[in-house]
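Chain by chain, the residues:
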Amino acid sequence: MFGFLLFLWNAYIVWKKESHTLSNMLTLFIGLGLIALFFVPMLANLLHVPEDLRIFIGTISTVFLLYIPLFFYLYLSSLIIYLFNRPRYNQDYIIVLGSGLIDGQYVPPLLASRIERAMTFYHRQVKKGRPAPKLVFSGGQGGDEKLPESVAMQRYAIDHGIPVEQTLTEEKSVNTLQNMQFSKQIIEADTDKDKPRIIFSTNNYHTFRAGLFAKQAHLKADGIGAKTSKYFLPNATIREFIAILSMKRHQLLFVTICSLLFAILAVLLNHLN
């Protein structure tokens, strides 16, 4: 009943600690939306909204209130299961997915955590007496960046003890799908193996969606996730969910059409009664 308070409290913490972008205000919007849902029936009575319109809107809302939570449950379950994945320490390549740079040239903490997760895996594999994997840093140069993200990531890794000959850079991609596609091309050009063993490193909340993009790119690669600050996880998870909804937009369109048809049918049945 008071779930909106948790969303608003999280929104307050994110507002204090992160940049004030729309994507960082999702928990705020959800909290306000839950409050609005509580007052909608009262407003409908006060404004004397026609019964047909109430039935129409109520039916559409009911369909979406069933579909969205179910889809979110399936998404969250898949993400949690994916996080339990533990790749073996016998990899040939680790793709490190890029993100934006600070001041157009410096690696921010979120991106640093992805690099450090990959380096931890690298050192553990070497410690087990197996050949070191190559780190493939993937990320192009944005319009406001002074160098490609992958180059900044490579420098960070080298400064933290990774030999330069164990690194590769992919400098063209602008999104996660391209990260996978172009990194795959670089690996194929670098290796002499028919089926090199590959994993990718990103933040834990991003592993599931990144895995979907890897599948789209016909790249057989599992993900390892870097930890994310607990206060940022709700916002980041919701953002990932919205992105996956966008990937399934044809399914969402089908549900929308069905909800409209059900709403029209409900109004007609009301008139017949």
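Residues numbered from 1 in each chain as written. Predicted model: local features only at pLDDT ≥ 70, side-chain atom pairs only at ≥ 80, totals over all residues. Heavy atoms only, no water.

Side note on the nonpolar core
Then comes step 1: Among the nonpolar cores identified, the biggest contains 26 residues, and I95, M180, I198, F200 and L219 are the most heavily contacted of them.
Then comes step 2: Elements supplying a minimum of two residues to this core: helix 3 (51-83), strand 1 (93-97), helix 6 (176-190), strand 4 (198-203), helix 7 (207-216) and helix 8 (233-247).
Then comes step 3: Per-element accounting of this core gives the leading share, six residues, to helix 3.
Then comes step 4: Ignoring any residue separated from it by four or fewer positions in sequence, one finds L219 in contact with I95, M180, K184, I198 and A214.
Then comes step 5: Core analysis: the next-biggest nonpolar cluster, separate from the first, contains 22 residues, M119, F121, Y156 and I162 among them. (Core = buried A, V, L, I, M, F, W, Y, C linked by side-chain atoms within 4.5 Å. Buried < 20%, exposed > 50% of the residue type's maximum accessible area, 1.4 Å probe, protein only. Helix = DSSP H or I, 4+ residues; strand = E, 2+ residues; numbered from the N terminus. Contact = heavy atoms within 4.5 Å.)

Here we look at the sheet that holds strand 5 (residues 221-226)
Then comes step 1: Read from one edge of the open sheet, five strands run 3-2-1-4-5, paired in parallel fashion. The open sheet has two free edges, formed respectively by strand 3 (167-170) and strand 5, since each of these has just one partner strand. In this sheet, adjacent strand axes meet at a mean angle of 25° when their direction is disregarded.
Then comes step 2: Where strand 1 lies against strand 4, four bridges are found, and the strand directions are parallel. The partner of V96 across the bridge, within strand 4, is S201.
Then comes step 3: Against the sheet, helix 5 (residues 149-159) makes contact with strand 1, strand 2 (134-138) and strand 3, and its axis sits at roughly 145° relative to strand 2, the strand it touches most. (Pairing = 2+ DSSP bridges. Axes fitted to C-alpha atoms, helices over the stretch in contact; angles between N-to-C directions.)

Notes on the pattern of salt bridges
Then comes step 1: Going through the model one piece at a time under the given rule, you end up with three salt bridges.
Then comes step 2: Among the ionic pairs, K193 bridges to D92, the shortest N-O distance being 2.7 Å. Of the two residues, K193 is situated in the loop between helix 6 and strand 4 and D92 in the loop between helix 3 and strand 1; the sequence distance between them amounts to 101 residues.
Then comes step 3: Residue E240 pairs with R209 through a salt bridge whose shortest N-O separation is 2.9 Å. Linking E240 in helix 8 with R209 in helix 7, this pair joins segments that are 31 residues apart in sequence. The burial state of E240 is the same as that of R209; both residues are buried. (Salt bridge = Lys/Arg side-chain N within 4 Å of Asp/Glu carboxyl O.)

Keep in mind these numbers describe shape, not what the thing actually does.
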